[in-house]
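Fold and contact review
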Amino acid sequence: MNKITACPLDCFDACSVAYKDGVLKGTNGGHTQGFLCPHLNHYEQQSRITTPRYRGEEITLDAALTKLKEMIDANYKSELLHYRGSGNFALMQEVTDHFFAQMGAKLTDGSLCDGAGEAGIVEGRGSNKNMPMSEIAKSEVVIIWGRNPHTTSSHLLPLLKGKKLIVIDPVETQVAKMADLFIQIKPHTDMYLALLIVRFLHINNYCDDDYLQEYASESEEYYELTQTVRIKSMLENIGVSLGQVGTILEMIVDKKVAIVCGVGIQKYRDGADIMRSIDAIAVHLGLFGKEGSGVAYLGNSKEGIVSPFKTKSARVSKVDTEFDAFKTVFIQGANPLSQMPNSQRVKQSLSQTENVVYFGLYENETSAMADLVIPAKTFLQKSDIRTSYGHHAFLEMPQLQESDIGISEYDLSAYLCKAYDIEIKPEEEYLEHFKSFAEVLDDGTFCVKGRENIPYRDGFDRDDNEFLFLEETEIDRSANKIILTKNRHKKRKVSSELYLITPKSPKSLNSQFQREKSVYLSSELGYVTGDRIRITSSVGSVELEVLVSDALRQDTVLIYSGTAGVNNLTSSVHSYEGKNAVYQEEKVTIEKI
Ligand SMILES: Nc1nc2c(c(=O)[nH]1)N[C@H]1C(S)=C(S)[C@@H](COP(=O)(O)OP(=O)(O)OC[C@H]3O[C@@H](n4cnc5c(=O)[nH]c(N)nc54)[C@H](O)[C@@H]3O)O[C@H]1N2
Ligand SMILES: Nc1nc2c(c(=O)[nH]1)N[C@H]1C(S)=C(S)[C@@H](COP(=O)(O)OP(=O)(O)OC[C@H]3O[C@@H](n4cnc5c(=O)[nH]c(N)nc54)[C@H](O)[C@@H]3O)O[C@H]1N2
Ligand code: SF4
Ligand SMILES: [Mo]
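Now for a quick tour of the structure. (Residues numbered from 1 in each chain as written. Chains lettered and ligands numbered in written order. Predicted model: local features only at pLDDT ≥ 70, side-chain atom pairs only at ≥ 80, totals over all residues. Heavy atoms only, no water.)

For the rest of this paragraph, the subject is the sheet that holds strand S28 (residues 587–592). Taken together, six strands build a closed barrel; the order of strands is S21-S27-S24-S26-S25-S28 and the barrel is mixed. Neighbour-to-neighbour, the strand axes of this sheet turn through a mean angle of 45°, independent of strand direction. Relative to strand S26 (residues 541–548), strand S25 (residues 532–536) is paired through five bridges, and the arrangement is antiparallel. Each residue of the ladder has a partner; that of Ile535, found in S26, is Val542. (Pairing = 2+ DSSP bridges. Helix = DSSP H or I, 4+ residues; strand = E, 2+ residues; numbered from the N terminus. Axes fitted to C-alpha atoms, helices over the stretch in contact; angles between N-to-C directions.)

If you want it as structure tokens, here you go:
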């Protein structure tokens with residue numbers, strides 16, 4: 001008989017999974033339609049860490065736990081850091097936070113992922129309530145804006161059939177090839193396109209005036225702001241024609257429109273402002289609070305769920321963490337040496353930390369330099385529950401396999417809590433606690449109680465119920481940067497500075513699974529597949545082999561997330577809002593080696 005669980009990975013789709021005789025398949029009902037994706041199809045073939053290690057020597061799990069306790073014993077509380085990533089997205093991952101917070105250790109805050117965009121959404125709307133996949137299914141027109149569904153949310157694709165499709169991306173992705181209109185925008189210029197769209201909505205009287213009066217009364221002021229952008233020179237600058245803007249307007253007016261955004265638009269310091277400028281388009285069209293309309297981004301996967309864990313503690317940012325300020329750093333479900341920005345800084349800082357503990361499934365840069373390596377159990381070998389940032393399902397993940405390898409997050413926490421006399425409840429009680437936030441639907445599946453399919457029906461979650469538009473200073477901050485960059489280009493050679501974009505690869509999930517090894521360039525840059533080049537930013541450099549791709553703009557260098565060395569190029573500054581990592585602000589130069 002099939003047993004049902006869910007994929008544990010950090011992914012919009014959060015698929016329900018049928019498990020039979022060691023084979024993982026999509027469930028027939030719901031959005032998976034019987035299909036998973038390459039990550040889960042090959043999940044059981046991944047080679048895992050099977051044995052704990054201390055400074056290169058294999059040891060037993062008992063010995064590893066004793067070592068861990070010794071390391072913790074040797075600390076003052078303030079010298080202990082718990083750094084947790086998103087390798088597994090299920091709810092019980094947080095149980096280790098419970099132990100470390102009670103111990104007085106520091107935890108992290110900030111985001112390597114969607115924090116800037118989320119901050120922009122919260123500023124404008126007062127909260128981040130997402131448009132779920134099931135509502136996108138009801139739209140007539142979909143704008144895919146800085147998201148790559150073939151790679152990162154493939155279960156969205158069947159829902160796009162029969163709809164008008166606009167894609168805005170610097171890369172001609174597979175979904176761009178299917179689009180009725182594709183705008184191959186210059187990286188980091190989405191805010192200007194968004195401002196221009198609102199301006200033309202006003203000029204053509206296409207705004208939903210009744211809606212604006214009720215929920216966005218400052219729209220006239222915002223219109224004035226959009227007029228500070230010079231149309232012709234800005235369109236030239238961002239690589240969009242007036243005709244294309246006209247086509248967008250024709251396609252979206254008086255339609256059910258879903259604007260489906262990804263993290264691509266917000267990997268910049270002003271990522272929050274960019275997201276808010278896109279939200280403003282939806283506000284002018286009156287898309288919020290209506291069926292099949294709105295903006296989809298990454299929702300908060302824990303919306304509607306109160307954690308049973310006690311995790312109050314002092315926190316340090318996970319973007320520019322000074323690991324060497326701690327004596328012991330416990331890393332769980334993360335590969336900071338590859339995935340945090342500024343890898344050389346991370347390496348320097350971690351190598352000066354006395355005890356680095358890696359608790360994970362796979363070997364990677366971080367496990368290689370850790371003093372103590374503790375293997376985790378896979379999602380099939382422990383009990384858990386997950387929710388999603390792309391839809392509202394509540395998915396149980398019962399234990400389906402026995403294994404002698406590794407230890408679960410709960411068992412490790414229970415061991416440590418016992419050792420330090422910290423209260424921890426039985427695992428089943430935590431799972432039951434989570435289940436109290438689930439409600440059953442007509443088809444027998446579960447969703448998170450209270451999550452709205454059509455949020456913002458009665459306006460926004462701000463005191464005055466209104467949307468808060470971007471202000472002049474915020475737009476200036478971003479506009480200045482474009483002007484500054486242009487001046488820099490004048491001084492140096494224009495072709496020498498290229499945009500770095502670092503999206504997700506179809507082969508890996510960030511640094512898990514099959515990692516990419518190449519840099520992708522447009523053939524117009526004069527390199528051929530197989531050339532080795534050095535890519536350099538003001539932060540550092542990396543050497544990679546070229547793969548020529550016609551999907552790219554001439555001014556763009558693409559290195560996928562998870563490629564070893566990509567984050568040598570990125571700096572560990574924070575976004576202006578949202579305490580997010582900034583992966584695409586650095587310009588790069590390239591040279592043959
Ligand atoms: N296969 C696979 N799936 C994944 C992941 C993975 O690593 N691999 N990672 C998971 C995680 S952690 C996340 S957060 C999600 C993210 O999912 P997505 O948001 O889809 O992620 P990205 O590929 O980073 O970015 C999406 C698109 O943004 C485009 N882009 C880059 N810069 C710009 C820009 O300035 N403007 C515009 N308009 N577009 C731009 C990129 O070319 C890319 O096509 O995916 C999840 N799913
Ligand atoms: N240049 C660039 N850098 C990026 C990005 C980008 O687009 N470009 N994307 C950013 C984004 S959006 C994200 S979310 C981050 C992700 O960065 P990380 O959170 O570091 O995620 P992964 O690289 O997937 O590494 C996760 C590790 O978790 C471990 N793991 C998996 N399952 C389990 C489990 O059940 N238990 C335990 N204990 N461990 C487990 C695996 O060993 C794996 O190596 O990367 C960010 N870094
Ligand atoms: S699409 Fe996403 S949630 Fe579904 S199986 Fe693949 S990684 Fe997991
Ligand atoms: Mo992410």
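We are not done yet, so read on.
So, on to the layout of surface pockets. In this structure, the second largest pocket occupies an estimated 930 Å³ of space. If you go around the second largest pocket, you meet 34 residues; those closest to its centre are Ala393, Leu441, Asp443, Thr445 and Phe446. Counting only elements with at least two residues in the lining of the second largest pocket, the list comes to helix H5 (133–136), strand S18 (395–397) and strand S20 (446–448). Taken together, the residues of the lining of the second largest pocket break down into 13 nonpolar, 14 polar and seven charged. Two domains share the lining of the second largest pocket, each providing at least three of its residues, namely domain 1 (3–107 + 311–448) and domain 2 (115–296). (1 Å grid on protein atoms, 1.4 Å probe; cavity = no way out; pocket = protein on both sides within 12 Å on 5 of 7 lines; lining within 4 Å. Points joined across faces, edges and corners; volume = space filled by probe spheres on them. Nonpolar A, V, L, I, M, F, W, Y, C, P; charged D, E, K, R; others polar. Domains from an automatic or database assignment.)

The subject of this paragraph is empty space enclosed by the protein. It is the rolling of a water-molecule-sized probe over the atoms that shows where space remains empty. Taken as a whole and assessed by the stated rule, the structure comprises three cavities of 30 Å³ or more. Estimates place the volume of the largest cavity at around 80 Å³. As for the largest cavity, its lining consists of 14 residues, and the residues nearest its centre are Met131, Phe288, Ser293, Gly294 and Pro455. Within the lining of the largest cavity, the residues separate by chemical class into seven nonpolar, five polar and two charged.

Taken in spatial order, the six strands line up as S5-S4-S16-S15-S14-S6 in an open sheet, and their pairing is mixed. The sheet is open, and its two edges are formed by strand S5 (57–58) and strand S6 (80–84), each paired on a single side. The pairing of strand S4 (residues 53–54) with S5 spans two bridges and is antiparallel. Directly across from Tyr54, in S5, lies its bridge partner Glu57.

Side-chain pairs of opposite charge can arise whenever the charged atoms involved come near each other. As enumerated under the stated definition, the model contains 25 salt bridges in all. Taking the shortest distance from any N to any O, the salt bridge between Arg534 and Glu591 comes out at 3.3 Å. Of the two residues, Arg534 sits in strand S25 while Glu591 sits in strand S28, which places them 57 residues apart along the sequence. Using a relative accessible area of 37% as the deciding quantity, one classes Glu591 as partly exposed. Taken together, the shared-partner salt bridges in this structure form one network comprising Glu135, Lys138, Lys256 and Glu291. (Salt bridge = Lys/Arg side-chain N within 4 Å of Asp/Glu carboxyl O. Buried < 20%, exposed > 50% of the residue type's maximum accessible area, 1.4 Å probe, protein only.)

Before going further, it helps to spend a moment on the environment of Gly286. Within the secondary structure, Gly286 sits in the loop between helix H14 (271–284) and strand S12 (294–296). Overall, the relative accessible area of 2% leaves Gly286 in the buried class. Considering only alpha carbons, one finds Gly286 and Thr556, 270 residues apart in sequence, at a separation of 35 Å.

Across the five residues that make up S6, a large majority, five, are buried. Across the two faces of S6 the burial is the same, with Leu80, His82 and Arg84 and Leu81 and Tyr83 all buried. Relative to strand S14 (residues 328–332), S6 is paired through five bridges, and the arrangement is parallel. Bridge assignment links Arg84 to a residue of S14, and that residue is Gln332.

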